[in-house]
Amino acid sequence: MLLAVAAFFAAAVLAPTALRTLGLRAFWLVALVPAAVTLWALAVPVPHEQVVPWVPRLQVQLAFRMDTLALVMTLIVAGIGALILVYCGRYFTPGGPGLPAFAGEFTAFAGAMLGLVLADDLILLYVFWELTTVFSYLLIGYDAEDRTSRRAALTAIVVTAAGGLTMLGGLVLLGLRAGTFRISEILAAPPAGPAVPVALALILVGALSKSALVPFHFWLPGAMAAPTPVSAYLHAAAMVKAGVYLVARLAPAFAADPVWRPVVLVFGGATMLVGAWRALRKHDLKLLLAFGTVSQLGFLTALLGAGGRAAAQAGAYLLIAHAVFKAGLFMVVGIVDHATGTRDLRKLSGVGRSMPITCAAAVLLTASMAGVPPLAGFVGKEAAFAAFLADPPVLAVLAAGSALTVAYSVRFVWGAFADKGVRPVAVHPPGTVLAGPVVLLAVVSLLLGPLAPVIDGWLAGYGMAYPAGPADEPLALWHGFTVPLLLSAVVLAVGVALFLARFFVARVQDRLHPPIDAERTFRLIMRGLDFAADQATRFTQRGSLPVYLRYILFALLVLPGAALVSGVPWPGAARVWYVPAEIVVAGLVCLAAFATTLQSWRMPAVLCAAVTGTGTATMFVLHGAPDLGLTQFLTETVTLVAFVLVLRRLPPRFVERQYVGMRRVNAALGVAAGLLVAAMGYVAINARAWPPISAAYPQAAREAGGTNIVNIALVDLRAWDTMGESSVLLIAAAGVTGLIFVRRRPRLPRTVEAPGGTWSLPGLRSFGEPPEDAAATTWLRGSETLSPERRSIMFEVVARLIFHPMLVLSIYLLFSGHGTPGGGFAAGLVAGLALTVRYLAGGRYELAEAMPIGPGVCQGAGLGVMAVAGLAGLALTGSVLHETVLHWRVPVLGEIHLVTSLAFDIGVYLVVIGVVLDVLRAMGDELDRQVEEEGEEVITA
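Since we're looking at a predicted model, the values are computed, not measured.

1. Describing the overall build of the chain
(1) Moving on: On a plain count of helices and strands, the chain comes out with 35 helices and 6 strands.
(2) Moving on: Intrachain contacts of the chain at a sequence separation of at least 6 include 78% that bridge at least 24 residues.
(3) Moving on: Per element, the accessible surface of the chain, about 43800 Å² overall, is 70% carbon and sulfur.

2. Quick word on the confidence of the model for the chain
(1) Moving on: This prediction gives the chain a mean pLDDT of 85; 90% of its residues lie at or above 70.
(2) Moving on: The secondary-structure element of the chain with the lowest mean pLDDT is strand β4 (residues 757-760), recorded at 52, while helix α8 (residues 195-210) shows the highest, at 96.
(3) Moving on: Under a pLDDT of 50 for its full length, residues 762-777 has, in the predicted model, 18 contacts with residues more than four places off or in other chains.

3. Focus: empty space enclosed by the protein
(1) Moving on: Scanning all chains against the criterion turns up 3 cavities of 30 Å³ or more.
(2) Moving on: Roughly 40 Å³ of volume is contained in the largest cavity.
(3) Moving on: The wall of the largest cavity is formed by Ala370, Gly371, Lys381, Phe385, Ser402, Ser488, Val491 and Leu492.
(4) Moving on: Taken together, the elements giving at least two residues each to the lining of the largest cavity come down to α17 (376-387) and α21 (483-500).
(5) Moving on: The dominant element in the lining of the largest cavity, judged by the number of residues it contributes, is α21, at 3 residues.
(6) Moving on: Across the lining of the largest cavity, the residue classes tally to 4 nonpolar, 3 polar and 1 charged.

4. Topic: the packing of helix α5 (residues 122-140) against α8
(1) Moving on: Axis separation between α5 and α8 bottoms out at 13 Å; the angle between their running directions is 30°. Classified by the angle between their axes, α5 and α8 sit roughly parallel to one another. In this structure, α5 crosses over α8, and the sense of that crossing is left-handed. Of the residues in α8, those in contact with Trp129, Thr132 and Thr133 of α5 are Gly206, Ala207 and Lys210.
(2) Moving on: Partitioned by chemical class, the residues of the contact of α5 with α8 number 2 nonpolar, 3 polar and 1 charged.

5. Some thoughts on the pattern of salt bridges
(1) Moving on: With the rule as written, the count across this model stands at 13 salt bridges.
(2) Moving on: Between Asp120 and Arg182 there is a salt bridge, with the nearest N and O atoms lying 3.0 Å from each other. Within this pair, whereas Asp120 is found in the loop between α4 (99-118) and α5, its partner Arg182 is found in the loop between α6 (147-178) and α7 (183-188), the two being separated by 62 residues in sequence.
(3) Moving on: In this structure Asp120 comes out as buried when scored by relative accessible area, which is 3%.
(4) Moving on: Between Asp391 and Arg261 there is a salt bridge; the shortest N-O distance is 3.3 Å. Taken together, the residues span a long stretch of sequence, with Asp391 in the loop between α17 and α18 (392-417) and Arg261 in helix α12 (residues 260-279) at a distance of 130 residues.
(5) Moving on: In this structure, a network of salt bridges that share partners links the residues Glu49, Arg65, Asp120 and Arg182.

6. Some points on the side chain of Ser726
(1) Moving on: Mapped onto the elements, Ser726 comes out in helix α31 (residues 719-740).
(2) Moving on: Overall, the relative accessible area of 7% leaves Ser726 in the buried class.
(3) Moving on: When residues no more than four places from it in sequence are discounted, the contact partners of Ser726 are Leu863, Met866 and Val911.

7. Here we look at α17
The periodicity of an α-helix, 3.6 residues per turn, causes residues three or four positions apart to be oriented the same way.
(1) Moving on: With 12 residues, α17 extends 17 Å between its outermost C-alpha atoms, agreeing within 8% with the 16 Å of an ideal straight helix rising 1.5 Å per residue.
(2) Moving on: The buried count for α17 comes to 11 of 12 residues, which makes it a mostly enclosed element.
(3) Moving on: Residues of α17 that are buried: Ala376, Gly377, Phe378, Val379, Gly380, Lys381, Glu382, Ala383, Ala384, Phe385 and Ala386.

8. Here we look at a positive patch on the surface
(1) Moving on: On the surface, Arg147, Arg150, Arg151 and Arg527 cluster together to form a positively charged patch.
(2) Moving on: Here the element with the most residues in the positive patch is α6; it accounts for 3 residues.
(3) Moving on: For Arg527, the location among the structural elements is in helix α23 (residues 518-540).

9. Examining a nonpolar patch on the surface
(1) Moving on: Together, Ile357, Val439, Val443, Leu447, Leu451 and Val454 line one region of the surface with nonpolar side chains, adding up to about 520 Å² of accessible area.
(2) Moving on: Here the nonpolar patch gets 3 residues from one element, more than from any other, and that element is helix α19 (residues 432-448).
(3) Moving on: For Val443, a relative accessible area of 38% translates into the label partly exposed.

10. Remarks on the packing of helix α14 (residues 309-340) against α19
(1) Moving on: Between α14 and α19, the least distance of the axes is 9 Å, while the angle of their chain directions is 150°. In terms of orientation, α14 lies roughly antiparallel with respect to α19. Regarding α14 and α19, the two cross each other, and that crossing is left-handed. Judged by residue contacts, Tyr317, Ile320, Ala321, Val324, Ala327, Gly328, Met331, Val332 and Ile335 of α14 engage Leu434, Ala435, Pro437, Val438, Leu441, Val444, Ser445 and Leu448 from α19.
(2) Moving on: Among the residues forming the contact of α14 with α19, the class breakdown is 15 nonpolar, 2 polar and no charged.

11. Some points on the environment of Gly350
(1) Moving on: Here Gly350 is to be found in the loop between α14 and α15 (351-354).
(2) Moving on: Residues contacting Gly350, with those up to four places away along its chain left out, are Phe417, Ala418, Asp419 and Pro424.

12. Section: helix α11 (residues 241-254)
(1) Moving on: For α11, spanning 14 residues, the distance from its first C-alpha to its last is 19 Å, which sits close to the expected 20 Å at 1.5 Å a residue.
(2) Moving on: By the criterion of burial, α11 is predominantly enclosed, with 12 of the 14 residues buried.
(3) Moving on: The set of residues buried in α11 consists of Lys241, Ala242, Gly243, Val244, Tyr245, Leu246, Val247, Ala248, Arg249, Leu250, Ala251 and Phe254.

13. Digging into the nonpolar core
(1) Moving on: Core analysis: the largest hydrophobic core is formed by 192 residues, its most contacted members being Phe27, Trp219, Tyr233 and Trp260.
(2) Moving on: Per-element tally for this core: the top contributor is α14, with 21 residues.
(3) Moving on: Dropping the residues within four chain positions of it, Trp219 is found in contact with Thr155, Ala156, Val159, Thr160, Ser209, Lys210, Ala212, His235, Met239 and Val240.
(4) Moving on: With 48 residues, the next largest nonpolar core counts Leu730, Ala799, Leu902 and Val912 among its residues.

14. Overview of the packing of aromatic side chains
(1) Moving on: This structure, assessed with the given rule, holds 16 aromatic pairs.
(2) Moving on: With 5.6 Å between their ring centres and 25° between their planes, Tyr87 and Tyr91 make a pair best called stacked. Here Tyr87 pairs with Tyr91, and both are found in helix α3 (residues 68-91), just 4 residues apart, close to one helical turn.
(3) Moving on: Residue classification places Tyr87 among the buried positions, given a relative accessible area of 0%.
(4) Moving on: With a relative accessible area of 11%, Tyr91 lands in the buried category.
(5) Moving on: Between Phe218 and Phe522, the aromatic rings sit 5.0 Å apart at their centres with planes inclined by 35°, giving tilted as the arrangement.

15. With respect to the side chain of Asp344
(1) Moving on: Along the chain, the position of Asp344 falls in the loop between α14 and α15.
(2) Moving on: Looking at Asp344, the relative accessible area reads 15%, which means it is buried.
(3) Moving on: At 2.9 Å, the side chain of Asp344 forms a polar contact with the backbone nitrogen of Arg346.

Each value, and the rule that gives it
Residues numbered from 1 in each chain as written. Predicted model: local features only at pLDDT ≥ 70, side-chain atom pairs only at ≥ 80, totals over all residues. Heavy atoms only, no water. Helix = DSSP H or I, 4+ residues; strand = E, 2+ residues; numbered from the N terminus. Contact = heavy atoms within 4.5 Å. Areas by Shrake-Rupley, 256 points an atom, 1.4 Å probe, with all protein chains shown as cover. pLDDT = per-residue confidence, 0-100. 1 Å grid on protein atoms, 1.4 Å probe; cavity = no way out; pocket = protein on both sides within 12 Å on 5 of 7 lines; lining within 4 Å. Points joined across faces, edges and corners; volume = space filled by probe spheres on them. Nonpolar A, V, L, I, M, F, W, Y, C, P; charged D, E, K, R; others polar. Axes fitted to C-alpha atoms, helices over the stretch in contact; angles between N-to-C directions. Parallel < 35°, antiparallel > 145°, perpendicular 65-115°, else oblique. Left-handed = near helix turned anticlockwise from the far one by under 90°. Salt bridge = Lys/Arg side-chain N within 4 Å of Asp/Glu carboxyl O. Buried < 20%, exposed > 50% of the residue type's maximum accessible area, 1.4 Å probe, protein only. Expected span 1.5 Å × (residues − 1). Patch = residues over 30% accessible without salt bridge, like charges linked within 9 Å, V, L, I, M, F, W, Y side chains within 5 Å. Lys, Arg positive; Asp, Glu negative; His and termini not counted. Charge placed at Lys NZ, Arg CZ, Asp CG, Glu CD. Core = buried A, V, L, I, M, F, W, Y, C linked by side-chain atoms within 4.5 Å. Phe/Tyr/Trp six-rings, centres within 6.5 Å; stacked < 30°, edge-to-face > 60°. Polar contact = N/O pair within 3.5 Å; in protein donor to acceptor, adjacent residues only side chain to side chain.

Next up, the structure:
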């Protein structure tokens, strides 16, 4: 089962390329995947399950289970999906914009829907549930340039995602109450208690919103802005069935709950009536079917959630029948639209004579929707009436909804194909491939009726999960002259009469049309949220960093602070210091922080802030963490350089002067936040009930063949975390660079007008190109581009002396980090500082000479090395980084020990160098260029 789901996602990855290469024929190639899954589903034994561990500590598994209900949904998802992909091969125009992405998104959605119906774990089900939400958003908004499509996609994702988040709370609550997240285990032993009704109510909110039941029904008709294949699949056969499926899945265990049955019957019945009533008002064939789908979804929810065996059998049968006739009818609408250029039933006339085969297929499919014998819809509706004979109110609602269904079904056939006494529209008959899936679905719908007894035996595996009832009868085309048969005949007669009296019905609808409905209410709510967000933004987003910091610290004091104070008295005892020197260092840090707030000049403020970081690094050293201290010292140095580079573009003094009262408020907030953080640390340490995980680090370090616990934790024990943190670091660097480079990053010219004449930049020549002259090999030549007042002979001499030793030191720290202070991060910072020295001595041209490759190349190479090192270990040993120590004895150097995690550390080294280089290029190179351009403008003026 996992392989079946993976096949869809693999096909989704390959589909865009296939579409660009093969054109629309690629849809037929992709259709082979759902077709193969359909055949596999018919062959797999039922029940059948597959469990792959995912997050064992959280009891989350890749658990899949194929039972009767899952098999029904799999055949719908895969079988209907294959036919619609074939239909896509002729529906779209070759070379249409966005088609490659559409093919991938459509196939990925099918894979997510398959995973949803096969999932036997609540959390896994939710993951696939949200994937269907995301992919449906992309598919509904296929035409990104159309405002209607964008609005429909946004409405759909807001409604369904909000319902999904609500449902997540219910799923977690249900799983915790049951003691397991396996759905099959929960259904076998349903939990009890006051929390269960709450969980079920939250789950039903998600199900109702996904399946577009009242009051969430308005998003589905709006989603008809999507292409017709999307409507035929997502909004008729697949996505909107997700909520119905969830109701059907949980109903055997929870239908007796006092919350469950009233919700599914009331909202299901109301949706059936509202959807069918609204369908009678629509002139767009697609919208007519959309509201009909809303009505049918309410019908299915009521049947599958009611809790009886007869209703469940009828609901499961209608689940199949509805997918067949509604998917086919949506494809019919697409054919009519292609053939005539319109979907407005007021403009269509004589289409049936021009497309007799399509018309015949549409009549069969519509007859099934209306419940005309001997089609599938008739069998299902008669079984539904029989299941509710003992419940007259529900039966009356279902009969009324069915009569309205007959009315809009007749209206659809009449509107699409009948002669209306006006000039017939011009028709371009569809090809065989476009009409083929529709004809096949019509034949299936016709055969489902006579085959009802066979399907009844097949569906018994699902119906047996419910208790037996007095109305339990097998599905069949003929039960004799019974009350349900009489009721079916009355429903057909009333439905036809409503159609014949359509002008009178329209006038009644106009008078009964409410001034406000669910969609308008949603718009008002969203407008109110936008207004509230705008006002909150105006109040909080003042464009002032001190204001933002005040809000953050105030929230910290109010929320965690109040919880902390409420827990007084705190456990444990305080120890003032471990080393007496801590008091001196802590005092200096506090004084430096206080002095920072008093500075009116920027440079002294930066230096005072740097003292606080240096003091923190000293505290690390005093507590026996030289590796952390070294890294912190280096980080403070790089940060100080970045500050100094930026200060060149800022006034030397702080322009804004705060009132004395605001300074006091800031001081109070700062002191209170500091005390709160200290108290939180104290309480957290003393509240430990188990030994800290760090206690196992020394033994883990020895097993990894080293003694530097910090470095081993980063590149061995938490390698994936380190890779994630490196990715975040690169994203932050890209963000900073993007803020500075408002335009494309400029290239350095090959020649520069220097004080001594024209100067050629040798660092920009191609690799392997010999220098143009002997002078090109002169070291630190970039300083020749600087004006005399910007050059420092002492700094140039120092740069010549320490650059190469710093590089050697960085290599040493890189290779020695496993056993002594160092590692890839510290080594990368040292190398970055070496480049900083070259830049400060020779300017931006010297930086290009020292590092001819760009920061992006360095960062990408580092992240790639980290990924390859981790994945190679995962492929070879099953662990991300399975440590191996390699020993060599070299005649001169002696015994050498290398660890395999060194490759990962090299990636960290390259990433850090790339980030430092990015800082120098952005805050140094770009600012230098801006200063030079401004100087030229002044001279020109």
